[in-house]
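Examining the three-dimensional arrangement
Below are the chains, spelled out letter by letter.
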Amino acid sequence: MELESETQELHLRVNGEPEGKFPTKERSHNYSWRLRVSLYVTLLLAGETIATLFGRLYYEKGGKSTWLETLVQLVGFPLTLPCYYYIKSEPSNTKTKTKNAYSSFLPLSLVYIGLGLLVAAHCVMYSFGLLYLPVSTFSLISASQLAFNAIFSYFLNSQKITPFILNSLVLLTTSSTLLVLQDEPESSYSSSSKSNYVIGYICAIGSSAGYSLVLSLTDYTFEKILRKYTFKVILDMATYPSLVATIAVVVGLFGSGGWKMLRMEMDEFELGKGSYVLIAIGSTISWQACLIGSIGLILEVSSLFSNVISTLCLPVVPVLAVLFFHDEMNGIKFIAMLLAMWGFVSYAYQHYVDERNPEEEQELPQPEEEKEVTQDDKSYVQA
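Per an unreviewed UniProt entry, the recorded name for the protein is Probable purine permease, and the organism is Camelina sativa. UniProt, in the comment section headed Sequence similarities (unreviewed entry), describes the protein in these words: "Belongs to the purine permeases (TC 2.A.7.14) family."

Section: the state of the cysteines
Under the counting rule described, the total for this entry stands at 0 disulfides. For the unlinked cysteine C123, the closest cysteine sulfur is that of C290, found at 9.9 Å.

Let's talk about a nonpolar patch on the surface
Judged by side-chain polarity, I151, Y154, F155, I161, L166 and V170 come together as a nonpolar surface patch covering roughly 610 Å² of accessible area. Put simply, the parts of the chain that give the nonpolar patch at least two residues each are α7 (145–156) and α8 (163–178). Ranked by residues supplied to the nonpolar patch, first place goes to α7 with 3 residues. Mapped onto the elements, I151 comes out in helix α7.

Quick word on the environment of L278
Along the chain, the position of L278 falls in helix α12 (residues 273–300). Taking C-alpha positions, L278 is 9.8 Å from F54, a pair spaced 224 residues apart along the chain.

As for the packing of helix α9 (residues 194–226) against α12
Two elements in contact, α9 and α12, have axes separated by 10 Å at closest approach and are oriented at 45 degrees. By the angle between their axes, α9 is oblique relative to α12. The element α9 and its partner α12 pack so that their crossing is right-handed. Between α9, through Y211, L215, T218, D219 and F222, and α12, the contact on the second element is made entirely by S294, I295, I298 and L299. Each residue belonging to the contact of α9 with α12 can be placed in one class, and the counts come to 6 nonpolar, 2 polar and 1 charged.

Brief notes about α8
With 16 residues, α8 ought to run about 22 Å at 1.5 Å a step, and its terminal C-alpha atoms sit 23 Å apart, in line with that. Among the residues of α8, I165, S168, L169, L171, L172, S175 and S176 are the ones counted as buried.

Comments concerning the pattern of salt bridges
Under the defined criterion, the tally for this structure stands at 3 salt bridges. One salt bridge in this structure joins D236 and K232, with 3.0 Å as the shortest N-O distance. Here K232 and D236 lie together in helix α10 (residues 231–255), a separation of 4 residues that amounts to about one turn. Classification of K232 as partly exposed rests on a relative accessible area of 38%.

A word on empty space enclosed by the protein
By the definition in use, this model includes 3 cavities of 30 Å³ or more. The computed volume of the largest cavity comes to approximately 610 Å³. Lining the largest cavity are 35 residues; nearest its centre among them are Q73, H122, Y211, W287 and C290. Taken together, the elements giving at least two residues each to the lining of the largest cavity come down to α3 (31–60), α5 (105–132), α6 (135–141), α9, α10 and α12. With 7 residues, the top contributor of residues to the lining of the largest cavity is α9. Here the lining of the largest cavity is composed, by residue class, of 21 nonpolar, 13 polar and 1 charged. Approximately 60 Å³ is the volume found for the second largest cavity. Residue lining of the second largest cavity: Y58, L68, E69, V72, Y276, I279, A280 and S283, and that is the complete set.

A few points about the packing of aromatic side chains
Under the defined criterion, the tally for this structure stands at 11 aromatic pairs. Ring geometry for F269 versus Y276: centroids 5.2 Å apart, planes at 80 degrees, classification edge-to-face. For F269, a relative accessible area of 4% puts it in the buried group. Taking relative accessible area as the criterion, Y276 reaches 6% and is therefore assigned buried. Among the aromatic residues, those joined into a cluster by ring pairs are Y58, Y59, F269 and Y276.

So, how was this worked out
Residues numbered from 1 in each chain as written. Predicted model: local features only at pLDDT ≥ 70, side-chain atom pairs only at ≥ 80, totals over all residues. Heavy atoms only, no water. UniProt positions renumbered as here; feature names shortened; annotations may be inferred. Disulfide = S-S within 2.5 Å. Patch = residues over 30% accessible without salt bridge, like charges linked within 9 Å, V, L, I, M, F, W, Y side chains within 5 Å. Areas by Shrake-Rupley, 256 points an atom, 1.4 Å probe, with all protein chains shown as cover. Salt bridge = Lys/Arg side-chain N within 4 Å of Asp/Glu carboxyl O. Helix = DSSP H or I, 4+ residues; strand = E, 2+ residues; numbered from the N terminus. Axes fitted to C-alpha atoms, helices over the stretch in contact; angles between N-to-C directions. Parallel < 35°, antiparallel > 145°, perpendicular 65-115°, else oblique. Left-handed = near helix turned anticlockwise from the far one by under 90°. Contact = heavy atoms within 4.5 Å. Nonpolar A, V, L, I, M, F, W, Y, C, P; charged D, E, K, R; others polar. Expected span 1.5 Å × (residues − 1). Buried < 20%, exposed > 50% of the residue type's maximum accessible area, 1.4 Å probe, protein only. 1 Å grid on protein atoms, 1.4 Å probe; cavity = no way out; pocket = protein on both sides within 12 Å on 5 of 7 lines; lining within 4 Å. Points joined across faces, edges and corners; volume = space filled by probe spheres on them. Phe/Tyr/Trp six-rings, centres within 6.5 Å; stacked < 30°, edge-to-face > 60°.

Rendered as structure tokens:
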């Protein structure tokens, strides 16, 4: 086992891969990796779908506080705190630890604060978009997050813009643009005017851009700052930015005086006080499951893959919205959904190609310098 650990360390030093993250070719045949990815995919899809429907139900039945709808997206982070108890502490003399695995307190704190404030801004825009738009329209607009993610990943995560990804960007952009061309906004349940519809559209686009930026920055943090891939890292990335974002939203809630209307809103809620509380609790749990799933997929695969899986909700949420909230599926919206699904398939196929054909660099012969290092390291292991 010690020899195996040493060999893994040498592999990391030679190839420059962060600890704990398998190369693409190895992880595709790793059962435990597939199991973890399947779990995170389930959490992300179920959490996002249920949370979106809960949010629309809250507004549908008399809820009006965008601050509360924002808060339930963030305040669930204490639910994961007991998981820290079950994490085994790493031995202090572990030889696989390197200086790159550690980050100083100040830079890491700035990362958590920056991500937390960005998450808070994204959640506020999400709440306004969901307030002023039908849930089906909002869900379709949210598909534009893939296009934003491709752009951010290109600059932050060295993601290549291939013909399939470019095709996806065009389709998703066209899909979102079509929704602006609807003759009349469907405002029966938000009593919104045309101007509010435009505000909702802008907020939905801003929310998609913010979410994609958070994913890319999280991926960048894993790769360049933390350089560790453990369950504890997932919890840290889910807990500390959420704590910062929650504090920011609570300050906004009390600073704006929005907390004063919550009591009256609960009393006037159409489904009753009990349902009001249950919807808030259900939304909180669902959003936390979605967060863990999203960060887990970033850690195990990439921010691109996490965003692609998130977009799988695209055909699900509009259909459920038609069933439960009687949203109208008009011609423009149907075409937009087809284009968005086409864009998603194009994006997903590119990921499939990447999985089947790992980067050529991994298959090329090692340069002479690396070969020398490898020979020295082998001697070190034998010694």
